[in-house]
Amino acid sequence: MSEKSRIYGYDIARALAVFGMVIVNFKTVMHAHDGGGAWWLAIFNLLDGRASAIFVILAGVGITLMSNGARLSGDAALLRRERIALLKRAAFLFVTGLLYIAVWPADILHYYGAYIALAVVLLGASNRTLLWSAIGLALAFPLLFLNFDYTTAWNWDTLAYADLWMPAGFARNLLFNGFHPCCRGPPSWCSACCWADCRCNRPACAARFSGAV
């Protein structure tokens, strides 16, 4: 994105979301609990889960803005280049995140890599498809939660995941009971993509969408 076309409010919101995630991770790694300062814990609890969700939403908006020209042009070659660029980012984040797990078990980067890979599949999809994808993914988590044990493989005292590096365990962690599984983040991502597309190309649609949310 060029300097002239940068959306500074978007950059500020993304920076604040990253700052919030750092604070939440600080709480986790320092094992903060109710015996500590109540006002600090109140801030931590306020940010917990919200900062990463905001970052995911902003990432969905960013991908929509980045690919808007290719999608509107109808140029298959241009859209393919956008998909390849996104897949490269997804692969980099996924591999980097997996390497980082040894240092920080609550890594979020490899989840983001998976989210971007999903975005590649849905790039160019209609707003109706994006909304139905968001609804389907949002419903998937409670259904999985009701039918499977969410605590499987977890040691909550050490944040160790027993079979993370086994195929079944890795898939379970990535999709269902990891720190940021794919059935929880992408619904916000898909909704954000839909809203951003409406905002860019159909303002009246964006107003209705914002009112419904």
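In case you missed it, the structure is sitting above this.
Residues numbered from 1 in each chain as written. Predicted model: local features only at pLDDT ≥ 70, side-chain atom pairs only at ≥ 80, totals over all residues. Heavy atoms only, no water.

Chemist: I'm lost on the packing of helix H3 (residues 50–73) against helix H4 (residues 76–100) in this one. Help?
Modeler: Helix packing for two helices is described by the angle between their axes and how far apart those axes are. It is the contact of H3 with H4, at a shortest axis distance of 8 Å, that shows an interaxial angle of 155°. Taken together, the axis directions place H3 and H4 in an arrangement best described as roughly antiparallel. Touching Ile63, Met66, Ser67, Ala70, Arg71 and Ser73 of H3 are Leu78, Leu79, Glu82, Leu86 and Arg89, all from H4. Class assignment of the residues belonging to the contact of H3 with H4 gives a composition of six nonpolar, two polar and three charged. (Axes fitted to C-alpha atoms, helices over the stretch in contact; angles between N-to-C directions. Helix = DSSP H or I, 4+ residues; strand = E, 2+ residues; numbered from the N terminus. Parallel < 35°, antiparallel > 145°, perpendicular 65-115°, else oblique. Contact = heavy atoms within 4.5 Å. Nonpolar A, V, L, I, M, F, W, Y, C, P; charged D, E, K, R; others polar.)

Chemist: Could you clarify how one ought to interpret the packing of aromatic side chains in this entry?
Modeler: Each aromatic ring pair is described using two quantities: the centre-to-centre distance and the angle formed by the ring planes. According to the stated counting rule, one finds 12 aromatic pairs in the structure shown. Plain terms: the ring middles of Tyr112 and Tyr115 are 5.6 Å apart, the flat faces sit at 75° to each other, and that makes the pair edge-to-face. Here Tyr112 pairs with Tyr115, and both are found in helix H5 (residues 109–122), just three residues apart, close to one helical turn. Measuring from centroid to centroid gives 5.0 Å for Trp154 and Phe179, while their planes differ by 80°, and the two rings are edge-to-face. With a gap of 25 residues between them, Trp154 in strand S1 (residues 154–155) and Phe179 in the loop between helix H7 (167–177) and helix H8 (185–201) connect regions that are remote in the sequence. For Trp154, a relative accessible area of 12% gives the class buried. (Phe/Tyr/Trp six-rings, centres within 6.5 Å; stacked < 30°, edge-to-face > 60°. Buried < 20%, exposed > 50% of the residue type's maximum accessible area, 1.4 Å probe, protein only.)

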